[in-house]
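# Survey of secondary and tertiary structure
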Amino acid sequence: MTTLIPAAPARPAEQARAAISVIFLITGALYATWAVNIPGVRDALNLSAAQIGLALLAVGIGSLISMPLTGGWTGRWGSHQVTRFLVVAAMLSLIPPFFMPDLPTLFLALVLLGFLNGALDVAMNAQGVTVEQGVGRPVMSRLHAYFSLGGLLGAGLGTLLVGRLPMTTHILLVAVVTALAGLLAGRFLIPDRPAPAPRADGSPPVRLLSPAVLLLGALCFLGMLTEGANYDWATLYYRDVLGVPGGNAGIGYAAFVAAMTLGRWFGDRLRTRLGDQTIVRGGALLAALGLALVLLTRHPAAATLGFTLSGLGLSNVVPVMYGTAGHALHGRGIATVATVGYGGFLLGPPAIGFVAEHAGLPAALGLAAAGAALVALLGGRAFGLVRAAGAAHQD
């Protein structure tokens, strides 16, 4: 279990906890606002399905460029300073894609959007670790719950405004309001604890490609691949495999998202009682069993229960591993783990789609279930390596 010792006065630390919660919330709203307006951008530029797919890839490219760099930035300037800058820049980066005249300029604007938001993802998670140390209790799961709530808020607002308000007005409203909220919240973030000093031989205290970092990153990759599979394929599974018609096909997706949000909201209490390793291994096992229920029963009611169990199980896997990387391996460690893990979101959907095309969707979701099972199987080894790396930094 991670031992947390307060490193900042109680009131500033609690203010920072509220501030970083706002930042996670508005970041979730930003992603959802972009997502609900993708059809509008496609229609405005008359893009084909392949072209919009290429444009969407730009967001991932931008993120993968910036995420490995952000650990160095937080180490130099502190996660509080980096997050203060990035939260405002990232919110405002939502605007350019909606004013681009063609696909090449849209691609560049989305690379910028991905670059700033990928960097913000690393910096705000690093600040979340610092806040955990300041308040002396786990908060990472609740922070990721705020991100999920922000996504629900952004999607709900988009549902109300898309078609009723000009798209650019909607975007400007969201970008300006969230940028102002981020500017205000950034004032209350707290400095990081000092990073470990280099060893006498000048070598860094953490090797970015150490076994601890690589294994934890690989497990994050598998966790995010499984999470992405639930998000992207649940509705198609209900429609194409279970034969559920119309809007009812979305029930599995809704069950997964609701369970994910609920699990993250209460996850920090479970972390305190059970410990991080148990939460990750037990949660991954629950997710694998949930997906197994989905695949073996082939009944909508049982599938809904299975997606609910999968959401509850996965809800704290990635937040806890981010926190573990931050506590033991510091900014560069969390940047590397987050970068490798993010690859699960980028490569997961195409991999699932490829398997689904050649072996069927149930087999593809079976791949996601196997990924969750591997997290449960290898989680103990990963946490052991991380504990050893953290202890070495104290020597």
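Up top is the structure these notes are about.
Residues numbered from 1 in each chain as written. Predicted model: local features only at pLDDT ≥ 70, side-chain atom pairs only at ≥ 80, totals over all residues. Heavy atoms only, no water.

Think of an α-helix as 3.6 residues a turn; residues three or four steps apart then line up on the same face. For helix α10 (residues 276-297), spanning 22 residues, the distance from its first C-alpha to its last is 31 Å, which sits close to the expected 32 Å at 1.5 Å a residue. Those residues of α10 not exposed but buried are Asp276, Ile279, Val280, Gly283, Ala284, Ala287, Ala288, Gly290, Leu291, Val294 and Leu295. Down the axis of α10, the buried set is contained in an arc of 160°. They therefore lie on one face. Residues of α10 that are exposed and angled more than 90 degrees away from the buried face: Leu289 and Leu296. Downstream of α10 by a residue or two, Arg298 has a phi angle that is positive, lying close to 55°. (Helix = DSSP H or I, 4+ residues; strand = E, 2+ residues; numbered from the N terminus. Expected span 1.5 Å × (residues − 1). Buried < 20%, exposed > 50% of the residue type's maximum accessible area, 1.4 Å probe, protein only. Arc of directions from axis to C-beta.)

Both the distance between ring centres and the angle between the ring planes are used here to describe each pair of aromatic rings. Evaluation of the coordinates by the stated rule reveals seven aromatic pairs. Members of the aromatic cluster, joined through ring pairs, are Tyr231, Tyr253 and Phe256. Taking NZ or CZ as reference, Arg142 lies 4.0 Å from the ring centre of Trp265, over its face. (Phe/Tyr/Trp six-rings, centres within 6.5 Å; stacked < 30°, edge-to-face > 60°. Lys NZ or Arg CZ within 6 Å of the ring centre and 35° of its normal.)

What follows deals with the layout of surface pockets. If a probe the size of a water molecule is rolled over the atoms, the empty space left behind becomes visible. Considering only enclosed or pocket space, the largest pocket measures out at about 1,600 Å³ in volume. As for the largest pocket, its lining consists of 41 residues, and the residues nearest its centre are Tyr31, Phe147, Tyr231, Asp232 and Phe345. Class assignment of the residues belonging to the lining of the largest pocket gives a composition of 27 nonpolar, ten polar and four charged. (1 Å grid on protein atoms, 1.4 Å probe; cavity = no way out; pocket = protein on both sides within 12 Å on 5 of 7 lines; lining within 4 Å. Points joined across faces, edges and corners; volume = space filled by probe spheres on them. Nonpolar A, V, L, I, M, F, W, Y, C, P; charged D, E, K, R; others polar.)

Our focus in this paragraph is a nonpolar patch on the surface. Residues Leu54, Leu57, Ile61, Ile65 and Leu69 make up a contiguous nonpolar surface patch of about 400 Å² in total accessible area. On the secondary structure map, Ile61 appears in helix α3 (residues 49-77). Judged by its relative accessible area of 32%, Ile61 is partly exposed. (Patch = residues over 30% accessible without salt bridge, like charges linked within 9 Å, V, L, I, M, F, W, Y side chains within 5 Å. Areas by Shrake-Rupley, 256 points an atom, 1.4 Å probe, with all protein chains shown as cover. Salt bridge = Lys/Arg side-chain N within 4 Å of Asp/Glu carboxyl O.)

Okay, helix α9 (residues 251-274) next. Most pronounced at Gly267, the bend in α9 amounts to some 50°. Within α9, the full set of buried residues consists of Gly252, Ala255, Phe256, Val257, Ala259, Met260, Thr261, Gly263, Arg264, Gly267, Asp268 and Arg271. In the stretch just after α9, Gly275 is the one whose phi turns positive, near 95°. (Bend = angle between axes of the 7 residues up to and from the residue.)

A positive phi is found at Asn46, a non-glycine position, where the angle reads about 55°. Mapping Asn46 onto the fold places it in the loop between α2 (38-45) and α3. By relative accessible area, which is 68% here, Asn46 ends up exposed.

We now examine the pattern of salt bridges. In total, this model carries eight salt bridges according to the counting rule given. A salt bridge links Arg271 to Glu132; the shortest N-O distance between them is 2.8 Å. With a gap of 139 residues between them, Arg271 in helix α9 and Glu132 in helix α5 (residues 103-135) connect regions that are remote in the sequence. Look at Glu132 and you get buried, because its relative accessible area is 0%. Two residues, Asp268 and Arg271, come together in a salt bridge whose shortest N-O distance is 3.4 Å. Of this pair, Asp268 and Arg271 both sit in helix α9, three residues apart, which is roughly one turn of that helix. Exposure class is identical for Asp268 and Arg271. Each is buried.

Our next topic: the environment of Met260. Positionally, Met260 belongs in helix α9. Here the alpha-carbon distance between Met260 and Ser148, two residues 112 residues apart in the chain, equals 8.2 Å. Once you skip the residues sitting within four places of it in the chain, Met260 turns out to touch Glu227, Tyr231, Gly311, Leu312, Leu314 and Ser315. (Contact = heavy atoms within 4.5 Å.)

This paragraph deals with the nonpolar core. Counting residues in each nonpolar core, the largest one holds 83 residues, and the members touching the most others are Ile20, Ile23, Met91, Leu106, Leu110, Leu120 and Tyr322. Top element by residues in this core is α5. It accounts for 15 residues. Those residues within four positions of Leu120 in sequence are excluded, and the remaining contacts are Ile23, Thr27, Thr83, Leu86, Val87, Ala90 and Met91. In this structure, Trp233, Ala288, Val294 and Ala369 belong to the second largest nonpolar core, which totals 28 residues. (Core = buried A, V, L, I, M, F, W, Y, C linked by side-chain atoms within 4.5 Å.)

One way to put it is that helix α4 (residues 79-92) packs onto helix α7 (residues 167-186) with a least axis distance of 8 Å and a crossing angle of 175°. Taken together, the axes of α4 and α7 lie roughly antiparallel to each other. Of the residues in α7, those in contact with Arg84, Val87, Val88, Met91 and Leu92 of α4 are Ala175, Thr178, Ala179, Gly182, Leu183 and Gly186. Partitioned by chemical class, the residues of the contact of α4 with α7 number seven nonpolar, three polar and one charged. (Axes fitted to C-alpha atoms, helices over the stretch in contact; angles between N-to-C directions. Parallel < 35°, antiparallel > 145°, perpendicular 65-115°, else oblique.)

Helix-helix packing is characterised by the crossing angle of the two axes and by the distance between the axes. For the pair α9 and helix α11 (residues 300-314), interaxial distance at closest approach is 7 Å and the crossing angle is 30°. Considering the angle they form, α9 stands roughly parallel to α11. For the pair α9 and α11, the sense of crossing is right-handed. Contact with α9, carried on its side by Ile251, Gly252, Ala255, Phe256, Ala259, Met260 and Gly263, involves Thr304, Phe307, Thr308, Ser310, Gly311, Leu312 and Leu314 of α11 and no other residues of that element. Considered class by class, the residues forming the contact of α9 with α11 number eight nonpolar, six polar and no charged. (Left-handed = near helix turned anticlockwise from the far one by under 90°.)

In this section: empty space enclosed by the protein. Inspection of every chain in the model, using the stated rule, returns one cavity of 30 Å³ or more. In this structure, the largest cavity encloses a volume near 40 Å³. Leu30, Tyr31, Trp34, Val59, Leu113 and Asn117 together form the lining of the largest cavity. For the lining of the largest cavity, the elements supplying multiple residues, two or more each, are α1 (10-36) and α5. Residue classes in the lining of the largest cavity are distributed as five nonpolar, one polar and no charged.

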